[in-house]
Amino acid sequence: MKKLKMGMVGGGIGAFIGEVHRKAARLDGGADIVAGAFDIDPEKSLEQGRNLGLDPKRVYRTSDEMIAGELALPKEERIDFVSICTPNHTHFPIAKAFLEAGFNVMCEKPMTLTVAQAEELAELVKKTKLTFGLMHTYTGYPMVKLARDMVKAGDLGKIRKVVVQYPQGWLYKPTGKENMQADWRTDPKRSGRAGCMGDIGTHAANLAEFVTGLRITEVLADLTSFVKGRKVDDDGNVLFHMEKGAKGVLTASQIAPGEENDLHIWVYGEKKALCWYQENPNYLRVFDQEAPEEVWKRGNGYIAAKSAAAARCTRTPNGHPEAFLEAFANNYKNFCDTIRARAAKRKPTALELDFPGIIDGVRGMKFIDAVCDSSEQGNIWKKID
Ligand code: NAI
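What you see is a predicted model; the values in this text were computed from it and never measured.

Asker: What am I meant to see in the environment of threonine 131 here?
Answerer: Turning to its location among the elements, threonine 131 is positioned in the loop between helix 5 (115–128) and strand 5 (132–134). The spatial distance from the C-alpha of threonine 131 to the C-alpha of arginine 342 is 8.7 Å, given a sequence separation of 211 residues. Excluding anything up to four places from it in sequence, threonine 131 contacts Asn104, Val105, Phe335, Thr338, Ile339, Arg342 and Phe355.

Asker: Help me understand unusual backbone geometry, please; the structure alone is not making it clear to me.
Answerer: Excluding glycine, residues mostly carry a negative phi; peptide bonds, for their part, are mostly trans. Following lysine 109, the chain continues to proline 110 via a peptide bond in cis, the omega torsion being -15°. Tracing the chain through its elements places proline 110 in the loop between strand 4 (104–107) and helix 5. Residues other than glycine seldom take positive phi values, yet lysine 129 does so here, at roughly 60°. Inspection of the secondary structure puts lysine 129 in the loop between helix 5 and strand 5. Of the residues examined, lysine 129 reaches a relative accessible area of 68% and is grouped as exposed.

Asker: Where do I start with the site of the ligand in this structure?
Answerer: Close contacts around the ligand come from 27 residues, with Phe16, Ile17, Asn88, Thr137 and Gln181 the closest. Contact distances for the ligand include 2.8 Å between an oxygen atom and a backbone N or O atom of phenylalanine 16. Take isoleucine 17: an N or O atom from its main chain is 2.8 Å from an oxygen atom of the ligand. At the level of elements, strand 1 (4–10), helix 7 (180–185) and helix 9 (196–212) are the ones that each hand at least two residues to the shell around the ligand. Sorting elements by how many residues they give to the shell around the ligand places helix 7 first, with 4 residues. Here the residues of the shell around the ligand sort into 13 nonpolar, 9 polar and 5 charged. Split by domain, the residues of the shell around the ligand number at least three in each of domain 1 (4–138 + 332–349) and domain 2 (142–324 + 364–376).

Asker: Help me understand the packing of aromatic side chains in this model?
Answerer: Here a ring pair, both rings aromatic, is described through the centre-centre distance and the interplanar angle of the planes. Going through the model one piece at a time under the given rule, you end up with 10 aromatic pairs. Arranged with centres 6.0 Å apart and planes meeting at 40°, the rings of phenylalanine 81 and tyrosine 332 form a pair that is tilted. In this pair, phenylalanine 81 is assigned in strand 3 (residues 81–85) and tyrosine 332 in helix 12 (residues 324–343), connecting sequence segments 251 residues apart. Phenylalanine 81 gets classed as buried once you look at its relative accessible area, which sits at 0%. Measuring from centroid to centroid gives 5.6 Å for tryptophan 296 and tyrosine 302, while their planes differ by 85°, and the two rings are edge-to-face. When its relative accessible area of 17% is taken as the criterion, tryptophan 296 is described as buried.

Asker: Hey, could you run me through the domain arrangement of the protein in this one?
Answerer: Frequently, the measure chosen for interface size is the accessible area removed from exposure when the parts meet. Assigned domains of the protein: these are domain 1 (4–138 + 332–349) and domain 2 (142–324 + 364–376). Centre-to-centre, using C-alpha coordinates, domain 1 lies 26 Å away from domain 2. The contact between domain 1 and domain 2 buries some 2200 Å² in all, and 60% of this surface belongs to carbon and sulfur atoms. Sorting the residues of domain 1 by area buried against domain 2 places Val115, His136 and Tyr138 first, and these three jointly supply 32% of that buried surface. Between aspartate 28 and arginine 315 there is a salt bridge; the shortest N-O distance is 2.8 Å. Taken together, the connections running from domain 1 to domain 2 amount to 10 residue pairs in polar contact (both at pLDDT 80 or more). For the side of domain 1 that touches domain 2, the secondary-structure elements that each account for two or more residues are helix 1 (17–26), helix 5 and helix 12. Partitioning the side of domain 1 that touches domain 2 into residue classes produces 13 nonpolar, 8 polar and 5 charged.

Asker: Any chance you could explain the sheet that holds strand 5 here in plain terms?
Answerer: Within the open sheet, the 5 strands sit side by side as 2-1-3-4-5. Their pairing is parallel. At either margin of the open sheet sits one strand with a lone partner, and together these are strand 2 (31–37) and strand 5. Here the average twist between neighbouring strands, direction ignored, is 20°. Pairing analysis gives 5 bridges linking strand 1 to strand 3, with the strands arranged parallel. Its bridge partner lying in strand 3, valine 9 is registered against isoleucine 84.

Asker: Explain the pattern of salt bridges to me, please; I cannot follow it from the model alone.
Answerer: Pairing is possible between side chains that carry opposite charge, provided their charged atoms lie close to one another. Evaluated as defined, the whole model comprises 33 salt bridges. Glutamate 19 is the partner of lysine 23 in a salt bridge, and the nearest nitrogen-oxygen pair spans 2.8 Å. Residue lysine 23 and its partner glutamate 19 are both found in helix 1; the two are separated by 4 residues, about one turn of the helix. Measuring nitrogen to oxygen at the nearest pair gives 2.9 Å for the salt bridge that ties aspartate 337 to arginine 340. One end of the pair, aspartate 337, and the other, arginine 340, are both in helix 12, 3 residues apart, so they sit about a helical turn from each other. Side by side, aspartate 337 and arginine 340 carry an identical accessibility label, which is buried. It is possible to trace a salt-bridge network through shared partners that takes in Lys145, Arg148, Asp149 and Asp354.

Scoring rules and cut-offs
Residues numbered from 1 in each chain as written. Predicted model: local features only at pLDDT ≥ 70, side-chain atom pairs only at ≥ 80, totals over all residues. Heavy atoms only, no water. Helix = DSSP H or I, 4+ residues; strand = E, 2+ residues; numbered from the N terminus. Contact = heavy atoms within 4.5 Å. Buried < 20%, exposed > 50% of the residue type's maximum accessible area, 1.4 Å probe, protein only. Near = heavy atom within 4 Å. Polar contact = N/O pair within 3.5 Å; in protein donor to acceptor, adjacent residues only side chain to side chain. Nonpolar A, V, L, I, M, F, W, Y, C, P; charged D, E, K, R; others polar. Domains from an automatic or database assignment. Phe/Tyr/Trp six-rings, centres within 6.5 Å; stacked < 30°, edge-to-face > 60°. Buried area = accessible area lost by both parts, 1.4 Å probe. Salt bridge = Lys/Arg side-chain N within 4 Å of Asp/Glu carboxyl O. Pairing = 2+ DSSP bridges. Axes fitted to C-alpha atoms, helices over the stretch in contact; angles between N-to-C directions.

In structure tokens:
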């Protein structure tokens, strides 16, 4: 296996998700970080590069400097992909610049600030034929892949209803500049039009579409900024319709005291139902009106028979839990295998292509626009094409 060279933009000292990306990409030994522009403050970028023990020549003051520096290297020494772990407003210009320079991209969500930007990136990915991943973490969990494959196999019957909830509590009171994660997330110039709905509502919507294989076609939303003076929503309730007549409810909140990361999904079909819970992610519950509840457990031999994708994304034996880092690592594993396949002029397999990407990014931005429009225009139904 060729070890891929990873570059990173963002993920400076004190940042949240960059370090998760670095650890996850390295988990299977298939990639290692060699370069980066880690911080909005150039001096801090250099300091982070020293902390990570990188070659100082590969630690850059800005992402533009990084592109120029990497392009100046012989092709075989350059990074194979860049991971963009910066606040939302910077994703589009940085991703665009790296794609135009010929680099594969793993980008954080929400993908851009506007639908138009998302569509422009999608065109660019199509034109360049480069590999683009979007870090919708939760579709990386093996039991979520199992849920998707059960629905696909028809085990639940026709899907009638989806309930997805995502409550957090960490923004329940006003925050200041000292909380760097809250600071940009509550500023529409940097977070985008939506707050909570962009930050975690998009994960919930992506999960609903991933597990059911059905797209959300219209939404009716009621978004609120409960904390006085906050310029973006910190709570929202959404009714939604999906393809093939399925209906659903999505609720996301960042002002629910005591809630940590309580993402839950229930899918109800004509025959059976299922439930997956992010804080206890190694188990998938399946319900039947006429029979006892089943609990499918990660790491057991019977999983592979139902979901090759889940089995491929499992590292430790049953009873030895895997979670958040491994979910990131699973998205990286498939993303990196796809890059390797394409570099070897081989068509990636369906299992290798099983990671969220540019289409999810465009759908996420359309979801944000539709829920914001719906709420602002008096809680009316808004279509998503
Ligand atoms: P953060 O505020 O902790 O870190 C952002 C980092 O980016 C900082 O080091 C900052 O200095 C750096 N930065 C900002 N502009 C830059 C630029 N132009 N060039 C280089 N570095 C720059 O933010 P956090 O929480 O890590 O979020 C980053 C992104 O990750 C966001 O888009 C967020 O939505 C997403 N995220 C995704 C999660 C997931 O589960 N997939 C979880 C948490 C965050």
